[in-house]
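Examining the three-dimensional arrangement
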Amino acid sequence: MALVAPSILSADFTCLAKDFKWMSDSQVDFVHIDVMDGHYVPNLTLGPPMIKALRPLTDLPFDVHLMIDNPDQTVDAYMEAGADIITVHPRTSHHLHRLIHRIKDRGLKAGLALNPSESPRDLEFILEDLDQVLLMSVNPGFGGQSFIPSTLEKTRILRDMIQAKNLDIQIAVDGGVNAETGKALVEAGAHMLVAGSYIFGSKNRDQALASLRAL
Ligand code: DX5
Ligand code: ZN
């Protein structure tokens, strides 16, 4: 069974409480929250005040995906707002090892996100410090893009690296995930599927969620 994290980027921003109720009732595994700053990625979404406002709506863990420049400067605000996992993009941080440990020292889980052009092999000296690696199967910035097939090979490489070192790290994949790409990803070693438009854009969300969970 795959873990599923609906990405609220594709939820109804005028009715988030309703979509949060659905996620709570459906007991999804994580709520995936995309933070974009309009610099690192060409889109702007939401920040700590919004995460803090959403926090009381559910007990589900928040998987906060930071697509922002210099998270070293602002990560505390996301931790205080109620994140459970914080995932950053390696090139956005000046002192990545220090940042990962700051997150973990507060009792949160820490993850790194790899863009389509980036290799898991570059994580050799940070891998064992991580709780999660989020493989981006689209270029970050927008929902509803097509899945980039080389993510499958990347998932297998990462799975082998994790197994070789006998580590306990969650492999999550984000972007263009649906029942078909999700199946191939789980076969390649993915544990968690992040899905925005496939779930929130579906006429039958329950069915869309079930189709991913069953993988
Ligand atoms: C893209 C975001 C994704 C996005 C996925 O930058 O990180 O989480 O919401 O959307 P879909 O599932 O529609 O590709
Ligand atoms: Zn994301």
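Read on for a plain summary of the structure. Computed from a prediction, not measured in an experiment: that's the story for all the values here. (Residues numbered from 1 in each chain as written. Chains lettered and ligands numbered in written order. Predicted model: local features only at pLDDT ≥ 70, side-chain atom pairs only at ≥ 80, totals over all residues. Heavy atoms only, no water.)

Moving on: the coordination of the zinc ion (ligand 2). Ligation of the zinc ion (ligand 2) by protein atoms is provided by His 32 (NE2), Asp 34 (OD), His 65 (ND1) and Asp 174 (OD), these donors lying 2.0 to 2.3 Å from the ion. Between the six donor atoms coordinating the zinc ion (ligand 2), the angles at the centre fall across 70 to 170°, so the site counts as octahedral. Donor residues binding the zinc ion (ligand 2) come from one chain and are separated in sequence as H-x1-D-x30-H-x108-D. One end of the pair, His 65, is in strand β3 (residues 62–67); the other, Asp 174, is in strand β7 (residues 170–174), and 109 residues separate them in sequence. Taking relative accessible area as the criterion, His 65 reaches 0% and is therefore assigned buried. (Donors = N, O, S within 2.8 Å, 3.2 Å for Na, K, Ca; no water. Tetrahedral: all angles 85-135°; square planar, octahedral: opposite > 155°, others 65-115°. Helix = DSSP H or I, 4+ residues; strand = E, 2+ residues; numbered from the N terminus. Buried < 20%, exposed > 50% of the residue type's maximum accessible area, 1.4 Å probe, protein only.)

Mapped onto the elements, Ser 93 comes out in the loop between β4 (85–88) and α4 (96–105). By relative accessible area, which is 12% here, Ser 93 ends up buried. At 3.3 Å, the side chain of Ser 93 forms a polar contact with the backbone nitrogen of Leu 96. Look past the residues within four positions of Ser 93 in its chain and what remains in contact with it is Pro 71, Asp 72 and Leu 99. (Polar contact = N/O pair within 3.5 Å; in protein donor to acceptor, adjacent residues only side chain to side chain. Contact = heavy atoms within 4.5 Å.)

Time to look at the site of ligand 1. Every one of the 19 residues lining ligand 1 counts as a neighbour, but Ser 7, Asp 34, Asp 174, Gly 196 and Ser 197 are closest to it. The contact in question runs from an oxygen atom of ligand 1 to an N or O atom on the side chain of Ser 7, over 2.7 Å. Gly 196 has a polar backbone atom sitting 2.8 Å from an oxygen atom of ligand 1. Computed on the free molecule, ligand 1 has an accessible area of 380 Å², of which 100% lies beneath the protein chains in the complex. Elements represented by at least two residues in the shell around ligand 1 include exactly β2 (31–36) and β3. Top element by residues in the shell around ligand 1 is β2. It accounts for three residues. A breakdown of the residues in the shell around ligand 1 according to their chemical character gives seven nonpolar, ten polar and two charged. (Near = heavy atom within 4 Å. Areas by Shrake-Rupley, 256 points an atom, 1.4 Å probe, with all protein chains shown as cover. Nonpolar A, V, L, I, M, F, W, Y, C, P; charged D, E, K, R; others polar.)

Attention now moves to helix α3 (residues 71–81). Listed as buried for α3 are Pro 71, Asp 72, Val 75, Tyr 78, Met 79 and Ala 81. Looking straight down α3, one finds its buried side chains confined to an arc of 150°; they lie on one side. Turned more than 90 degrees off the buried face of α3, the exposed positions are Gln 73 and Glu 80. Where the residues of α3 are buried, they touch β2, α2 (48–54), β3, β4 and α4. Positive phi shows up at Gly 82, right after α3, with a value of about 120°. (Arc of directions from axis to C-beta.)

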